[in-house]
Amino acid sequence: MGAHDRGARVAHRLCLDSPKSVKKVCLMDIAPTLTMYRQTNQEFATKYMWWFFLIQAAPLPEHLIGLDPQYYLGDILSGLNKTPGALTPEAVSEYVRCFCCTSTIHATCEDFRAAADIGLEMDEADERAGNKIVAPVHVLWGAKKQRRAVVGRPRDLAGESGLNGYRARSRLRPFSPRRTSRGNLRGTAALLRHSVIRRTTQERPRRLT
Amino acid sequence: MREQNSATTMNRREMLKLSAVATLVGTAAFPDKIQATQTVAMKPISLPELPPKASEDLAATLFPGFVQTEVRTSGATIPVFHKGDGPPVLLLHGYPETHVTWHKVAPRLAERFSVYLPDLRGYGDSSRSARRRSPPQLLVSRNGVGPGRDDASFWARAVPCGCPRSRCSRRT
């Protein structure tokens, strides 16, 4: 399974709820939601303002976004994307088509509200129970230093997993899922291809080549 | 000048009317916000409720050879693009995007894997979440049904059912 951003939070939850369903997982650009809210600082709140804006009670976020959804979408996408050319016009037109309607704006706000509400309760319950990801985990982050520092560090996720996965790779381009940069695709494909992965916590994480 | 002034007046009247309507709509949809919307005029939102229909040509360009199917669940319909043979790989997109985020990666992964690209619930062309406190997205029913017979068990196992862990009968 490969998952980016919100999708990676779904994947994280799936790994904890149904460990047998996930053989291997590649998580991109996330630290666990609980970790993110706990470690909130001024920098995170500034650069990822929608984590705090979208969870405000309806209909304020919906209304403000709905006044000019295309501008909002463009601003979020260009703010996240540090790699020129990574976003194709075709992809952006699809994002605009799907985002610029009231139901999507409301549903996506609800996604963030749920993550900051029941999602945190579930994360806390798993933390209390000591549940960790048992599947091998491959973690990817964008290359820009500032972004990695804001989104989280490999150790934030390493603490979540059973330390049996691959080492987090740095030096990758931001917005990794869109790119077919050699490192990213090769690393993901290699993770998925490997059939046998040792699960000893003593083992030093293997480096993909 | 006179005409301009009268036009401005008309616009103001129109605006007041519209804001009154918006207030009514706003309070009906979100009753806990009555106080705020009664005192502040809301500019009306002119957006469709659902996204316009997707272009099949664009889908064929971005995902050549992919087949679109739908996963119907008790509470949602999730569109899923699929291609390839081999071990299943489920790719989940982020905010504020759709499965299109994978268009550079998915065709190459499909050369060796059976790739599945859903839109998370509430995103893209999937149906919207009806209730608050829904757990993190892509909710499907406990008996998630997949695109084909062989895939059904994969989907049933691979997709979060959305129940809190403590109450989930599918817990493994």
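All values derive from a computational prediction rather than experimental measurement.

Draft legend 1. Quick peek at the sheet that holds strand β3 (residues 88-92) of chain B. The sheet built from seven strands is open, its strands ordered β3(A)-β2(A)-β1(A)-β3(B)-β4(B)-β2(B)-β1(B) with mixed pairing. Each edge of the open sheet carries a strand with a single partner, namely β3 (137-140) of chain A together with β1 (67-72) of chain B. If you compare each strand with its neighbour and ignore which way they point, the axes differ by 20 degrees on average. Alignment of β3(B) against strand β4 (residues 114-118) of chain B, held across three bridges, turns out to be parallel. Note that in β4(B) the partner of B:P88 across the bridge is B:S114.

Draft legend 2. Quick look at the packing of helix α1 (residues 6-17) of chain A against helix α9 (residues 118-129) of chain A. All names here are of chain A. It is at 11 Å that the axes of α1 and α9 come closest, and there the two elements cross at 40 degrees. Considered as vectors, α1 and α9 are oriented oblique to each other. Here α1 and α9 pass one another in a crossing that is left-handed. Counting all contacts with α1, which are made through R13, L16 and D17, the residues of α9 involved are M122, D123 and D126.

Draft legend 3. Highlighting helix α7 (residues 89-99) of chain A. Residues A:A91, A:E94, A:Y95, A:R97, A:C98 and A:F99 constitute the buried set of α7(A). Elements in contact with the buried residues of α7(A): α5 (60-67), α6 (69-80) and α8 (102-115) of chain A together with α3 (56-62) of chain B.

Draft legend 4. Summary view of the pattern of salt bridges. Within this structure, the stated rule accounts for 10 salt bridges over all chains. Between A:E43 and A:K47 there is a salt bridge, with the nearest N and O atoms lying 3.1 Å from each other. One end of the pair is A:E43 and the other is A:K47, both in helix α3 (residues 42-47) and four residues apart, which spans about a single turn. One salt bridge connects B:D125 with A:R97, and the closest N-O pair in it is separated by 2.8 Å. Taken together, the positions of B:D125 in the loop between β4 and α5 (149-158) and A:R97 in helix α7 put the pair across two chains. By relative accessible area, B:D125 is classed as partly exposed at 34%. Taken together, the shared-partner salt bridges in this structure form one network comprising A:R13, A:D17, A:D123 and A:D126.

Draft legend 5. Focus on a nonpolar patch on the surface. Taken together, A:L60, A:L64 and A:L67 make up a surface patch of nonpolar side chains, about 260 Å² in accessible area. As for its position among the elements, A:L64 is in helix α5.

Thresholds applied
Residues numbered from 1 in each chain as written. Chains lettered and ligands numbered in written order. Predicted model: local features only at pLDDT ≥ 70, side-chain atom pairs only at ≥ 80, totals over all residues. Heavy atoms only, no water. Pairing = 2+ DSSP bridges. Helix = DSSP H or I, 4+ residues; strand = E, 2+ residues; numbered from the N terminus. Axes fitted to C-alpha atoms, helices over the stretch in contact; angles between N-to-C directions. Parallel < 35°, antiparallel > 145°, perpendicular 65-115°, else oblique. Left-handed = near helix turned anticlockwise from the far one by under 90°. Contact = heavy atoms within 4.5 Å. Buried < 20%, exposed > 50% of the residue type's maximum accessible area, 1.4 Å probe, protein only. Salt bridge = Lys/Arg side-chain N within 4 Å of Asp/Glu carboxyl O. Patch = residues over 30% accessible without salt bridge, like charges linked within 9 Å, V, L, I, M, F, W, Y side chains within 5 Å. Areas by Shrake-Rupley, 256 points an atom, 1.4 Å probe, with all protein chains shown as cover.

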